[in-house]
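Single-letter residue listing:
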Amino acid sequence: MTGLIAATTSAADKRIAFRAGLTSGKIQRFPGAINPLTAKLVQEIGFEGVYVSGGAFSAGLALPDIGLTTLTEVTAHSAQIARVTDLPVLVDADTGFGEPMSAARTVTILEDAGIAGLHLEDQINPKRCGHLDGKAIVGTDEMVRRLRAAVSARRDPNFVICARTDAAGIEGIDAAIDRATAYAEAGADLIFTEALYTTADFEKFRAAVDVPLLANMTEFGKSQLIPAQVLEKIGYNAVIYPVTTLRLAMGAIEKGLRVIHEEGTQETLLDEMQTRSRLYEVLEYERYNEFDSGIFNFTLDRRQ
Ligand SMILES: C[C@](O)(C(=O)O)[C@H](CC(=O)O)C(=O)O
Ligand SMILES: [Mg+2]
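Criteria and thresholds
For every chain, the first residue of the written sequence is number 1, and numbering continues from 1 onward in sequence order. Written order decides the labels, with chains lettered from A and ligands numbered from 1. Local features are withheld for residues below a pLDDT of 70 in this predicted model, meaning they are given only at 70 or higher, and side-chain atom pairs are given and counted only at 80 or more; totals for whole chains, interfaces and linings count all residues. Hydrogens and water are ignored here; the side-chain numbers use all heavy atoms of the structure. UniProt positions are given in the numbering used here, feature names are shortened, and annotations may be inferred rather than shown by experiment. Throughout, an axis means a line fitted to C-alpha atoms (over the contacting stretch in the case of helices), and angles, computed between N-to-C directions, take values from 0 to 180 degrees. Strands are runs of DSSP state E lasting at least 2 residues, helices are runs of H or I lasting at least 4, and numbering of each runs from the N terminus. By definition, turning the near helix anticlockwise from the far helix through less than a right angle yields a left-handed crossing, and turning it clockwise yields a right-handed one. Any pair of residues with heavy atoms lying within 4.5 Å of one another is described as a contacting pair. As a working rule, the residues Ala, Val, Leu, Ile, Met, Phe, Trp, Tyr, Cys and Pro are called nonpolar, Asp, Glu, Lys and Arg charged, and the rest polar, with Gly in that last group. Classification of residues uses two cut-offs on accessible area relative to the type maximum, computed with a 1.4 Å probe and protein chains only: under 20% is buried, over 50% is exposed, and between them is partly exposed. Each polar contact in these results corresponds to two N or O atoms within 3.5 Å; when the atoms are within protein, one needs to be able to donate a hydrogen and the other to accept it, and residues that are neighboring in sequence are counted only if both atoms are side-chain atoms. Here, expected helix span is obtained from the residue count minus one, scaled by 1.5 Å. The rule for a residue being near a molecule or strand is that one of its heavy atoms must lie within 4 Å of it. To be clear on the numbers: accessible area is Shrake-Rupley with a 1.4 Å probe, and residue cover counts the displayed protein chains and nothing else. Salt bridge, as used here: a side-chain nitrogen of Lys or Arg that lies within 4 Å of a carboxyl oxygen of Asp or Glu. Residue ranges for the domains trace back to a domain assignment, done automatically or taken from a database. We define buried area as the total accessible area lost by two parts upon association, computed with a 1.4 Å probe and summed across both.

- For the protein, the name recorded in an unreviewed UniProt entry is Methylisocitrate lyase, with Rhodococcus artemisiae as its organism.
- Of the comments in the UniProt record for the protein, the one headed Sequence similarities (unreviewed entry) reads "Belongs to the isocitrate lyase/PEP mutase superfamily. Methylisocitrate lyase family."
- Per its UniProt entry, the protein bears the Pathway (unreviewed entry) comment "Organic acid metabolism; propanoate degradation."

Following this line, the structure appears as structure tokens:
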């Protein structure tokens with residue numbers, strides 16, 4: 001039964017692994033998982049962690065990424081993902097779901113949900129995707145209050161609090177670096193350098209601060225798609241591919257629906273599908289059968 005239904009690694013151990021990864025010198029790759037099944041594949045393929053994207057979660061609800069989802073919704077979704085993986089899960093907590101006190105509550109609730117870390121961003125509410133124009137950010141002091149509240153609420157000292165700065169696209173990279181320094185002083189364990197443009201920007205950021213850094217390799221955004229090996233050489237500690245699995249899946253879904261609509265059958269799509277047997281393998285279906293026979297292993301005589 002071990003490892004079926006839920007993964008075996010405790011939340012405490014996942015947080016320890018996350019922290020160890022951040023100081024290992026090896027880049028920690030966190031693809032976004034759109035559901036628990038995807039998280040199982042992320043682990044099987046050998047990544048170091050799982051990311052829960054606010055953009056992908058809201059898009060899955062057919063909503064834009066403008067802070068419409070609630071802490072309760074994000075927590076329920078993230079907890080389902082964390083439950084099935086031995087990997088640390090990093091959750092996009094947007095601006096913390098309210099004022100600094102709400103950010104503090106967000107930390108406790110995500111801790112209870114078995115999450116390894118969250119990121120809070122310095123945008124105003126309502127926030128928007130960091131790769132769009134027209135963003136606005138709160139003052140450094142306001143974000144520092146947000147972070148201090150989050151850090152003070154943490155009960156497991158290994159829970160990772162990541163501060164995201166959206167300042168580069170608004171005030172320039174030097175201002176973003178100043179903010180990152182202030183956020184690290186406020187207790188952030190990791191800095192998410194949102195929407196930098198080129199490799200040179202990532203290099204400049206790395207040279208300027210002495211705190212673990214996270215890169216966002218989202219598609220169709222402002223940043224060049226820099227390979228993980230290059231980011232590692234630059235000295236980045238973590239990278240997310242936040243919306244990639246959603247975009248892959250939605251691309252395939254749209255194409256497939258059009259084929260069925262036009263051809264009246266999905267026959268020509270079969271090669272592109274995950275087969276039933278592969279699905280059952282990922283689900284470890286056979287082990288559930290073994291579990292059942294372990295329980296129902298008695299026989300009844302005629303008098304019972
Ligand atoms: C990382 C991000 O916050 C997310 O919600 O996944 C988004 C990603 C995206 O919209 O491509 C962001 O960068 O704001
Ligand atoms: Mg987001």
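### Examining the packing of helix α2 (residues 36-45) against helix α4 (residues 71-84)
- Two elements in contact, α2 and α4, have axes separated by 8 Å at closest approach and are oriented at 40°. Of the two possible hands of crossing, α2 and α4 adopt the one that is right-handed. Taking contact as the criterion, the partners of Pro36, Ala39, Lys40 and Gln43 in α2 are, on α4, Gln80, Ile81 and Val84.
- Its residues assigned to classes, the contact of α2 with α4 comprises four nonpolar, two polar and one charged.

### Remarks on the side chain of Asp122
- Following the sequence through the fold, Asp122 ends up in the loop between β4 (117-121) and α6 (140-153).
- We classify Asp122 as buried; its relative accessible area is 0%.
- Within the structure, the side chain of Asp122 is placed 2.8 Å from the backbone nitrogen of Asp166, a separation counted as a polar contact.
- When residues no more than four places from it in sequence are discounted, the contact partners of Asp122 are Ile137, Val138, Met143, Arg146, Arg164, Thr165, Asp166, Ala167, Arg179 and Tyr183.

### Observations regarding the packing of helix α8 (residues 173-185) against helix α9 (residues 199-208)
- One can describe the packing of α8 onto α9 by two numbers: an axis separation of 10 Å at closest approach and a directional angle of 35°. Of the two elements, α8 crosses α9, and the hand of that crossing is right-handed. Taken together, the residues of α9 that come into contact with α8 (itself represented by Ile173, Asp174, Ala176, Ile177 and Ala180) are Asp201, Lys204, Phe205 and Ala208.
- Considering only residue class, the contact of α8 with α9 consists of six nonpolar, no polar and three charged.

### Overview of helix α11 (residues 244-263)
- Over its 20 residues, α11 extends 28 Å from the first C-alpha to the last, a length consistent with the 28 Å expected when each residue adds 1.5 Å.
- For α11, the complete set of buried residues consists of Thr244, Thr245, Leu246, Gly256 and Val259.
- Against the buried residues of α11 lie α2, α3 (54-60) and β8 (238-241).
- Of the residues trailing α11, Gly264 is marked for its positive phi of about 75°.

### Thoughts on the site of ligand 1
- Taken together, 16 residues form the shell around ligand 1, and within it Ser53, Gly55, Gly130, Glu194 and Thr218 come nearest.
- Residue Asp92 places a side-chain N or O atom 2.8 Å away from an oxygen atom belonging to ligand 1.
- A distance of 2.8 Å separates an oxygen atom of ligand 1 from a polar side-chain atom of Arg164.
- The fraction of the free accessible surface of ligand 1 (340 Å²) that becomes covered by protein chains is 95%.

### Notes on the pattern of salt bridges
- This model, assessed by the stated rule, comprises 24 salt bridges.
- Each of Asp94, Glu121, Lys127, Lys135, Arg164, Asp166 and Glu194 takes part in one network of salt bridges that share partners.

### Describing the domain arrangement of the protein
- Here the protein is partitioned into domain 1 (11-244) and domain 2 (251-295).
- If you average the C-alpha positions of domain 1 and of domain 2, the two centres end up 32 Å apart.
- Counting from both sides, the interface comprises four residues of domain 1 and, opposite them, five residues of domain 2.
- Summing both partners gives a buried area of about 410 Å² for domain 1 against domain 2, and 58% of it is carried by carbon and sulfur.
- In this structure, the connection of domain 1 to domain 2 is made through two salt bridges.
- Between Arg278 and Glu44 there is a salt bridge; the shortest N-O distance is 2.9 Å.
- The tally of links between domain 1 and domain 2 comes to two residue pairs in polar contact (both at pLDDT 80 or more).

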